[in-house]
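Notes for the structure review
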Amino acid sequence: MKIKELFNQGRPVFSCEVFPPKKTAPVDSIYKTLDGLKDIKPDFISVTFGAGGSQVNQSTREIASIIQNKYGIPAMAHLTCVNATRGEVTALLAGLKEEGVENVLALRGDRNPDLPPKTDFLHADELVSFILRRGDFGVSAACYPEGHPESPDMLHDIRYLKQKVDAGAEHLVSQLFFDNEDFFRFVERCRIAGIDVPIEAGIMPVLNRGSIERMVSLCGASIPRKLSRLLAKYGDHPEALRQAGLAYAVEQISDLIAGGVDGIHLYTMNNPAVARHISDSISSIRAL
Ligand code: FAD
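Let us look at the structure shown here. (Residues numbered from 1 in each chain as written. Predicted model: local features only at pLDDT ≥ 70, side-chain atom pairs only at ≥ 80, totals over all residues. Heavy atoms only, no water.)

**Topic: the nonpolar core**
The criterion, for reference: Throughout this description, the term nonpolar core refers to a set of buried Ala, Val, Leu, Ile, Met, Phe, Trp, Tyr and Cys residues connected via side-chain atoms within 4.5 Å. Each residue gets one of three labels from its accessible area relative to the maximum for its type: buried under 20%, exposed over 50%, partly exposed in between, using a 1.4 Å probe on protein chains only. Secondary structure elements follow DSSP: runs of H or I no shorter than four residues count as helices, runs of E no shorter than two count as strands, and numbering proceeds from the N terminus. Whether two residues touch is decided by their heavy atoms; if any such pair falls within 4.5 Å, the residues are in contact.
Counting residues in hydrophobic clusters, the biggest one holds 64 residues, and the most contacted among them are Val18, Ile67, Leu172, Phe186 and Ile264. Of all the elements, helix H9 (residues 238–258) adds the most residues to this core, at 6 residues. In contact with Phe186, other than residues within four places in its own chain, are Cys143, Tyr144, Pro145, Met154, Ile158, Leu161 and Ile199. Grouped together as the second largest cluster of nonpolar side chains are 24 residues, Leu6, Leu107, Ala142 and Phe178 included.

Below is the structure:
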């Protein structure tokens with residue numbers, strides 16, 4: 001099933017993201033995560049893609065196949081192109097096709113100064129067109145409610161986002177954000193710009209001060225005062241921060257759904273207990 005078809009159900013889509021286990025862990029350790037996620041019935045599960053290293057990227061294919069074929073849940077494989085040639089992308093797509101994985105999140109990826117640059121694809125819009133020429137995939141793309149860190153301003157970012165959609169991206173997943181007003185404003189600007197595909201809100205529950213600060217410094221998301229108060233008060237008390245962070249994520253999601261969001265994409269960090277807590281807390285809201 002193509003992801004875009006999931007948006008015809010008259011309720012917000014609820015999806016989850018997982019990442020391949022570290023190289024030192026067997027790929028089988030993903031089963032524990034997926035067993036937990038299966039119970040909360042996500043509409044689809046996406047699998048991230050390592051910026052470099054064929055071992056990790058082989059895992060993306062393998063895990064997407066497990067989700068799709070063993071669990072019967074539509075899978076979306078992330079695919080980055082910044083360090084790939086056309087030949088390598090063609091081989092990755094053939095592998096996904098072989099496994100029956102029909103959906104790809106087409107990404108440029110972050111440039112890695114330690115890897116020799118490849119120039120077959122400069123931006124994600126080129127990857128979107130390339131994938132669509134290679135076969136019958138549902139193609140999604142990333143978007144940034146607070147702007148991509150490399151963008152000079154939101155105007156440029158939305159102009160390039162429109163290019164990705166015009167190239168054939170049928171669905172967008174947002175970067176994490178903590179202030180819903182940023183997301184609502186962004187969606188409004190997208191609609192004015194003629195971007196009319198479903199836009200899922202990316203939600204990352206705050207469970208640990210260090211990891212959220214690292215994540216925010218990498219992706220450029222801002223921390224609103226309400227959240228920084230929680231981090232200041234509970235940051236050194238892991239259990240208290242976990243409770244406060246989960247409550248924050250649940251409040252964010254219920255407000256987004258009340259505001260008519262197309263879907264929620266939960267960054268699960270391979271933690272099914274967290275995903276289950278959130279899913280249980282919004283069970284009636286999700287069904288509306
Ligand atoms: P692009 O769409 O190419 O945009 C990158 C920058 O270039 C932006 O500033 C944009 O405005 C600008 N731009 C876009 N098109 C053009 C153009 N034609 N000409 C000039 N400028 C242009 N990274 C991973 O390594 N693995 C993952 O699995 C992964 N999953 C992600 C999932 C989501 C939902 C999100 C939001 C991000 C994910 N990332 C992942 C991170 C992503 O790779 C980085 O944010 C990367 O820096 C940008 O990728 P992109 O596809 O958005 O790039």
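**Remarks on the site of the ligand**
Here is the rule: Throughout, near means a residue has at least one heavy atom within 4 Å of the molecule or strand. Any pair of N or O atoms that falls within 3.5 Å is considered a polar contact. Within protein, one atom must be able to donate a hydrogen and the other to accept it, and sequence-neighbouring residues count only if both atoms are side-chain atoms. The definitions used throughout rest on a 1 Å grid laid over the protein atoms alone, on which a cavity is an enclosed set of points accommodating a 1.4 Å probe that cannot get out and a pocket is an open set flanked by protein within 12 Å on both sides along at least five of seven lines; lining residues are those having an atom within 4 Å of a point. In this description, a molecule resides in a pocket or cavity if more than half of its atoms sit within 2 Å of the grid points defining it.
Inspection of the region around the ligand gives 25 residues, with Phe49, Asp110, Tyr144, Asp157 and Lys164 positioned closest. In this structure, Asp125 approaches the ligand through a side-chain N or O atom, which is 3.5 Å from a nitrogen atom. With respect to the ligand, the side chain of Asp157 contributes an N or O atom lying 2.7 Å from an oxygen atom. For the ligand, the cavity whose grid points lie within 2 Å of the majority of its atoms is the largest pocket.

**Remarks on the pairing of strand S2 (residues 44–47)**
Selection rule: Two strands are said to pair when DSSP picks up at least two bridges between them. Handedness is read with the strands pointing away from the viewer; a crossover is right-handed when the path from the first strand over the helix to the second is clockwise.
Neither face of S2 is left uncovered, since the one carrying Phe44 and Ser46 and the one carrying Ile45 and Val47 both have all their residues buried. Relative to S2, strand S1 (residues 13–18) runs parallel, the two being bridged by 4 bridges. Across the sheet, Val18 pairs through a bridge with Val47, a residue of S2. Handedness of the β-α-β unit built from S1, helix H1 (residues 30–38) and S2 comes out right-handed. When S2 meets strand S3 (residues 75–80), the two strands line up parallel, connected through 3 bridges. Paired with Val47 across the bridge in S3 is Ala77.

**Some points on the pattern of salt bridges**
Using the following cut-off: A pairing counts as a salt bridge when a side-chain nitrogen of Lys or Arg comes within 4 Å of a carboxyl oxygen of Asp or Glu.
On inspection of all chains with the given rule, the structure shows 16 salt bridges. Notably, a salt bridge pairs Arg191 with Asp262, separated by 3.0 Å at the nearest N-O pair. A residue pair is termed long-range when its members are at least 10 positions apart, and Arg191 in helix H6 (residues 180–192) and Asp262 in the loop between H9 and strand S8 (263–267) qualify at 71 residues. Since its relative accessible area comes to 27%, Asp262 is described here as partly exposed. One salt bridge connects Arg276 with Asp280, and the closest N-O pair in it is separated by 3.9 Å. Taken together, the positions of Arg276 and Asp280, both in helix H10 (residues 272–281) and 4 residues apart, correspond to about one turn of that helix. Three or more residues are tied together by salt bridges with common partners; here these are Lys2, Glu102 and Asp136.

**Structural notes on the layout of surface pockets**
To keep things clear, this is the line we draw: Grid points are joined across faces, edges and corners, and a volume is the space filled by probe spheres set on the points.
Estimates place the volume of the largest pocket at around 1,700 Å³. Along its surface, the largest pocket is lined by 49 residues, and Leu107, Gly109, Asp110, Tyr144 and Gln175 are the ones closest to its centre.

**Let's talk about the state of the cysteines**
So the rule is basically this: The criterion for a disulfide is a pair of cysteine sulfur atoms lying within 2.5 Å.
As enumerated under the stated definition, the model contains 0 disulfides in all. With no disulfide of its own, Cys81 lies closest to Cys143 among cysteine sulfurs, the gap being 17 Å. Take Cys143: it sits in no disulfide, and the sulfur closest to it among the cysteines is that of Cys190, at 6.3 Å. Accessibility expressed as a relative area gives 1% for Cys143, which makes it buried.

**Re the pairing of strand S5 (residues 138–143)**
For S5, the buried fraction is high: 6 of the 6 residues fall into the buried class. Pairing analysis gives 4 bridges linking strand S4 (residues 103–107) to S5, with the strands arranged parallel. Within S5, the residue paired with Val104 across the bridge is Val139. Crossover handedness for the path S4 to helix H4 (residues 124–134) to S5: right-handed.

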